[in-house]
Amino acid sequence: MKKQNNQKTIVMILAILLVLAVGYIAVNKYIGLKQKQQISIYQQGMQAGYRQAIIQLIQQASTCQQVPVYIENQTINLIAVGCLQRP
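Residues numbered from 1 in each chain as written. Predicted model: local features only at pLDDT ≥ 70, side-chain atom pairs only at ≥ 80, totals over all residues. Heavy atoms only, no water.

A. Highlighting the overall build of the protein chain. The helix and strand tally for the protein chain stands at two helices and two strands. The secondary structure elements of the protein chain, listed N-terminal to C-terminal, are α-β-β-α. Computed over the C-alpha atoms, the radius of gyration of the protein chain is 31 Å, more than 25% above the 12 Å expected from 2.2 N^0.38 for a compact globule of 87 residues. Seen along its three principal axes, the alpha-carbon backbone of the protein chain occupies a region of about 105 × 25 × 10 Å. Relative to its full complement of 87 residues, the protein chain shows a buried share of 5%. (Helix = DSSP H or I, 4+ residues; strand = E, 2+ residues; numbered from the N terminus. Rg over C-alpha atoms; globule rule 2.2 N^0.38 Å. Buried < 20%, exposed > 50% of the residue type's maximum accessible area, 1.4 Å probe, protein only.)

Next comes the structure, spelled out in structure tokens:
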């Protein structure tokens, strides 16, 4: 009788450990999926920002005015080539 109780206890402990392990893996996978989604959204926002910056740069340069561009501690002035070829 005591051997049977010990076996039931061991089976119960193993079942609880299995449930905890499966729960841990499921939560870990869920968190990883959420992080991937957030990274994807962040990258889409970055790409949209780059696109908007290039559009604004082209629009400003097409007015035949110099457009200052700053990169870290350097500055250059851009102007559309078409503006330089006009008589």
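B. A look at unusual backbone geometry. Backbone geometry places Cys64, a non-glycine residue, at a positive phi of 65 degrees. One can find Cys64 in the loop between helix 1 (2–61) and strand 1 (67–71). Overall, the relative accessible area of 25% leaves Cys64 in the partly exposed class. A positive phi angle is found at Glu72, which is not glycine, with a value near 50 degrees. Following the sequence through the fold, Glu72 ends up in the loop between strand 1 and strand 2 (74–78). Taking the relative accessible area as the measure of exposure, Glu72 reaches 83% and is therefore exposed.

C. Layout of a nonpolar patch on the surface. A cluster of nonpolar side chains, namely Ile10, Met12, Ile13, Leu14, Ile16, Leu17 and Leu20, defines an oily patch on the protein surface of about 710 Å² accessible area. Mapped onto the elements of the fold, Leu17 is located in helix 1. (Patch = residues over 30% accessible without salt bridge, like charges linked within 9 Å, V, L, I, M, F, W, Y side chains within 5 Å. Areas by Shrake-Rupley, 256 points an atom, 1.4 Å probe, with all protein chains shown as cover. Salt bridge = Lys/Arg side-chain N within 4 Å of Asp/Glu carboxyl O.)

D. Summary view of the pairing of strand 2. When strand 1 meets strand 2, the two strands line up antiparallel, connected through five bridges. Across the sheet, residue Pro68 finds its bridge partner in strand 2, namely Asn77. In this structure, the hairpin formed by strand 1 and strand 2 is closed by a connection of two residues, where Glu72 is found at a positive phi of approximately 50 degrees. (Pairing = 2+ DSSP bridges.)

E. Representation of the environment of Lys29 in the model. By secondary structure assignment, the location of Lys29 is in helix 1. Considering only alpha carbons, one finds Lys29 and Tyr50, 21 residues apart in sequence, at a separation of 32 Å.

F. Geometry of the confidence of the model for the protein chain. Confidence along the protein chain averages 90 in pLDDT terms, with 97% of residues attaining 70 or more. No element of the protein chain has a lower mean pLDDT than helix 2 (residues 81–84), which averages 83, and none a higher one than helix 1, which averages 92. (pLDDT = per-residue confidence, 0-100.)

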